[in-house]
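Breakdown of the fold
The lines below spell out each chain.
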Amino acid sequence: MQFNLIGPFEIVTDDGRSHAPRAPKICQMLAVLALRPRTAVATDTLVRELWGEEAPAGALRTLQTHIYHARRLLKDVLPLADELLATRAPGYLLDIGEEQVDALVFERRVRQARSALADGHPERAAEFLADVQRLWRGPVLSNLSVNAVLTGRIAHLQELRVHALELRVETELRLGRSREFLPELRALVNDHPLHEWFHGQLISALHRAGRRGEALQAYQSLYHILRSELGLEPSAELQRLQSEILRSEALLTEVPEPRRAPHGHAGRLSARRLTTGAPL
């Protein structure tokens, strides 16, 4: 049994069947428990997620009802799941492994990719990041309205995804695939317009590819975005990169003056032509 939290909440059995519970609060509760597998989650935590800071008077009793229905749901999905959702002080425990929760596998793969890259193994990092890309099916718990407990975890996963994208850029550049990666860099800049680092990588990649005009256009695009959205200018590092591109552009467009032959040499040539008729 697999609990998928990235994208819409769903439970997937080993035979590939997907089950999406219709009761939102049961989904919320199972999501909180799945993010802490084989760990007892306090009833107070579950109540805070289901009803926020102002829980109704009968919240604990209603929570027990939700637990009952969740157990029936799990039993329907997997007939052998009698003890999957257990009562454990100070609350309840979902008896599954981390590998059965896509969000936890996602976190582990990002850590593995970061370590592989730090150890000088970009090929291995690329394999882990391919898993990361496959696991991200869309916004976390996209079919649910959530409260504080899950909101914090969702924010963490979203930030981790951006970090994974940064790792992927670094990995592709280390593997020498900057030209091939340019379309994806443009997509990243489009999807994350205020992420200055992505813009910088695009500008640098275009510059290295000899596409200086496009690199300068990419810089101007970033400049206008930052000025209009935040009232800021690009970082000093990116301003230095722009200056470097402009200098290289100027060097390429300079037309050297024709070299003049020394006076004596020209005189000898003229004299030779006059006296012998030899071509210059």
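Here's what I pulled together on the structure shown here. (Residues numbered from 1 in each chain as written. Predicted model: local features only at pLDDT ≥ 70, side-chain atom pairs only at ≥ 80, totals over all residues. Heavy atoms only, no water.)

1. Some remarks on the overall build of the protein
Within the protein one finds eleven helices and six strands. Burial analysis of the protein (280 residues in total) assigns 42% to the buried set. Residue pairs at least 24 apart in sequence account for 60% of intrachain contacts in the protein once pairs closer than 6 positions are excluded. For the protein, the accessible area works out to roughly 16200 Å², and carbon and sulfur atoms hold 51% of it. (Helix = DSSP H or I, 4+ residues; strand = E, 2+ residues; numbered from the N terminus. Buried < 20%, exposed > 50% of the residue type's maximum accessible area, 1.4 Å probe, protein only. Contact = heavy atoms within 4.5 Å. Areas by Shrake-Rupley, 256 points an atom, 1.4 Å probe, with all protein chains shown as cover.)

2. Points about the sheet that holds strand 5 (residues 85-88)
Taken in spatial order, the three strands line up as 4-6-5 in an open sheet, and their pairing is antiparallel. The open sheet terminates on both sides in strands that have one partner only, identified here as strand 4 (41-42) and strand 5. The pairing of strand 5 with strand 6 (residues 91-94) spans four bridges and is antiparallel. Looking at the pairing, R88 lines up with G91 of strand 6. In the packing of helix 1 (residues 24-34) onto the sheet, the strands contacted are strand 4, strand 5 and strand 6, and the crossing angle to strand 6 comes to about 75°. (Pairing = 2+ DSSP bridges. Axes fitted to C-alpha atoms, helices over the stretch in contact; angles between N-to-C directions.)

3. Thoughts on the layout of surface pockets
A water-sized probe, rolled over the atoms, reveals where empty space remains. Volume-wise, the largest pocket comes out at about 280 Å³. If you go around the largest pocket, you meet 16 residues; those closest to its centre are Q133, R161, L165, R168 and L188. Tallied by class, the residues present in the lining of the largest pocket amount to ten nonpolar, two polar and four charged. (1 Å grid on protein atoms, 1.4 Å probe; cavity = no way out; pocket = protein on both sides within 12 Å on 5 of 7 lines; lining within 4 Å. Points joined across faces, edges and corners; volume = space filled by probe spheres on them. Nonpolar A, V, L, I, M, F, W, Y, C, P; charged D, E, K, R; others polar.)

4. Details of the sheet that holds strand 3 (residues 18-19)
Pairing in this open sheet of three strands is antiparallel, and the strands run 1-2-3 from one edge to the other. Edge positions in the open sheet fall to strand 1 (2-4) and strand 3, since each of these has one partner strand only. Relative to strand 2 (residues 10-12), strand 1 is paired through three bridges, and the arrangement is antiparallel. What sits directly across from N4, in strand 2, is E10.

5. What to know about the packing of helix 2 (residues 43-51) against helix 3 (residues 59-77)
Contact pair helix 2 / helix 3: the axes reach a minimum separation of 10 Å and the direction vectors enclose 90°. Classed by the angle they form, the pair helix 2 and helix 3 counts as roughly perpendicular. Across the interface between the two elements, T43, L46, V47, L50 and W51 from helix 2 touch A59, L60, T62, L63 and H66 from helix 3. Split by residue class, the contact of helix 2 with helix 3 holds seven nonpolar, three polar and no charged. (Parallel < 35°, antiparallel > 145°, perpendicular 65-115°, else oblique.)

6. Let's talk about the environment of E214
Mapped onto the elements of the fold, E214 is located in helix 9 (residues 212-230). Each C-alpha atom, one on E214 and one on L202, is 9.7 Å from the other, the two residues being twelve residues apart in sequence. Excluding its chain neighbours within four sequence positions, the residues that come into contact with E214 are R186 and L206. Of note is the side chain of E214, whose polar atom sits 2.7 Å from the side chain of R186. (Polar contact = N/O pair within 3.5 Å; in protein donor to acceptor, adjacent residues only side chain to side chain.)

7. Here we look at the side chain of T45
Position of T45 relative to the elements: it lies in helix 2. Judged by relative accessible area, T45 falls into the buried class, the value being 11%. Excluding residues within four positions of it along the chain, T45 makes contact with V32, R36 and V149.

8. Description of the packing of helix 4 (residues 102-118) against helix 5 (residues 122-135)
One can describe the packing of helix 4 onto helix 5 by two numbers: an axis separation of 8 Å at closest approach and a directional angle of 160°. Between helix 4 and helix 5, the angle falls in the class roughly antiparallel. Crossing of helix 4 over helix 5 shows left-handed handedness. Contacts between helix 4 and helix 5 involve D102, V105, F106, R109, V110, Q112, A113, A116 and L117 on the former and, on the latter, P122, R124, A125, F128, L129, D131, V132 and L135. Partitioning the contact of helix 4 with helix 5 into residue classes produces twelve nonpolar, one polar and four charged. (Left-handed = near helix turned anticlockwise from the far one by under 90°.)

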